[in-house]
Every structure is written in C-alpha cells, then in structure tokens.
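# Observations on chain architecture
Below are the chains, spelled out letter by letter.
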Amino acid sequence: EYVCELKIDGLAISLTYENRFLIKAATRGDGITGEDVLHNVRTIKSIPLRLHGESIPDALEVRGEVFILHKEFARINKEREEEGKPTFANPRNAAAGSLRQLDPSITASRNLTGFFYAPGFSSEPIASNQDGLLNTFKSWGLQINPNFTVCVGIDQVLSFIEGWTAKKADLPYDIDGIVIK
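First, a word on scope: everything that follows refers to the structure included in this document. Note that the structure is a prediction, hence the values are computed from the model and not measured.

Scoring rules and cut-offs
Residues numbered from 1 in each chain as written. Predicted model: local features only at pLDDT ≥ 70, side-chain atom pairs only at ≥ 80, totals over all residues. Heavy atoms only, no water. Salt bridge = Lys/Arg side-chain N within 4 Å of Asp/Glu carboxyl O. Helix = DSSP H or I, 4+ residues; strand = E, 2+ residues; numbered from the N terminus. Buried < 20%, exposed > 50% of the residue type's maximum accessible area, 1.4 Å probe, protein only. Pairing = 2+ DSSP bridges. Contact = heavy atoms within 4.5 Å. Phe/Tyr/Trp six-rings, centres within 6.5 Å; stacked < 30°, edge-to-face > 60°. Lys NZ or Arg CZ within 6 Å of the ring centre and 35° of its normal.

Let us now look at the pattern of salt bridges. Taken as a whole and assessed by the stated rule, the structure comprises seven salt bridges. Between Lys 7 and Asp 176 there is a salt bridge, and its shortest N-O distance comes to 3.2 Å. One end of the pair, Lys 7, is in strand β1 (residues 2-8); the other, Asp 176, is in strand β7 (residues 175-180), with 169 residues separating them in the sequence. Take Asp 176: its relative accessible area is 41%, and that puts it in the partly exposed class.

Listed below in structure tokens is the structure:
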C-alpha cells in the first residue's frame, strides 16, 4: 500500500503542542534553524490553538504547509495594485511574506491556511501508517488535505498521478507535485 498526497506549494511550517496547546511555530528557515512565527500563526483561523479529541500526546510536533488560496491571492494583489505597491509573484511568495510580517494584523488580513501531513516528534506513538496519521490529525482539529488516497499497488499510484495531473488546474491552491509514501 502507498498513500498518495498532493504536494502543496506553500511554506513549510512546524507546530509544537504541549498538553494540547500550541506553544511554538517555526518555518524551516535555513534548514537548520527555523524562524519563530508563532505570533503570526496564531492569527491563522484554520490552525487550532488547542487540539481536541482522544489520545493526544503530551508533547507533539506536526509538520505541514501554510499557503494562500488562489482567490485570496488575487484579492491581495488587487489591493496592493490599488495602493501602488508591488504585487506578489505567486501564492507561495505571498504566503511566505505574509507569515514573516512583523505586524500580526497584516498576516491575519491575508487569510492564510494550512494542511498538516507529518509528525516531527511525539511523546507517544500516533498511528501505524500514513492514512491513520492523517485521519488522527483531522480528528484532533488539524486541517489535512482531503485529496489523498490509499493505493494498492503501483498501478493505482500511477492512476492517481495521471488523474491529478489532469485536474490540478481546477484546485483552489497550487501544488508542485505528488508525494508517495
């Protein structure tokens, strides 16, 4: 079995929860040291400040992507254009710039969202497979990309790839590939 997931074209983010509460949020930074963006992540409505549900580890890090939907990207660029400011080149750059703002109200005004797909560290085991992990994250209130599939055999993986290659233009966000786990 394989789990096929759309690879979101956004900004990598790592969230740390202790006793269910969000206590840390960091970007990948230079690959070794991330940038603390907790003050801005707290303004993203789709990211829970407190996890809910069963069997949540006392200490938990989750990894995902923060991104901007196409319609929000168009709205932001239209506003910037009307204000005589330079527009963003693409939604990924807009998400990255928005998350790194010094003023959290600017971040809040840009309606970022996030999908989560992997654990970092955890004080307890979470799930025995990727499908179980994604469904557990969802049960805790973390937003996951609903466009994932458990494939049995490589032929189903290839069908998933072909299908999303044809449909990716219809998505409300950008992807830059497919992850097969």
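Read on, since the account is not over.
Once that is clear, we can look at the pairing of strand β4 (residues 59-67). For β4, a buried count of seven out of nine residues is recorded, marking the element as mostly surrounded by other parts of the structure. Inspection of the sheet shows strand β2 (residues 11-18) paired to β4 by eight bridges, in the antiparallel sense. Opposite Ser 14, over in β4, you have Arg 63 as the bridge partner. Here β4 runs beside strand β5 (residues 113-122); their pairing, made up of seven bridges, is antiparallel. Its bridge partner being in β5, Val 66 is matched across the sheet by Gly 114.

Structurally, Leu 60 can be placed in strand β4. Residue Leu 60 is classed as buried on the basis of its relative accessible area of 0%. For the pair Leu 60 and Pro 125, spaced 65 residues apart in the sequence, the C-alpha separation amounts to 10 Å. Those residues in contact with Leu 60 that sit more than four places away from it in its chain are Leu 15, Thr 16, Tyr 17, Leu 51, Phe 121, Ser 122, Ile 126 and Trp 140.

Turning to the packing of aromatic side chains, a few remarks are in order. In total, this model carries five aromatic pairs according to the counting rule given. Their ring planes at 55° and their centres at 6.4 Å tell us that Phe 160 and Trp 164 sit as a pair that is tilted. Taken together, the positions of Phe 160 and Trp 164, both in helix α6 (residues 154-167) and four residues apart, correspond to about one turn of that helix. Trp 164 matches Phe 160 in its accessibility class, with the two residues each being buried. Taken together, the ring pairs in this structure connect Phe 67, Phe 115 and Tyr 173 into an aromatic cluster. One cation-aromatic arrangement involves Arg 80 over Phe 88; the distance from NZ or CZ to the ring centre is 4.6 Å. If you follow Lys 167 out to its NZ or CZ, it ends over the ring of Trp 164, 4.2 Å from the centre.

Keep in mind these values describe shape, not function.
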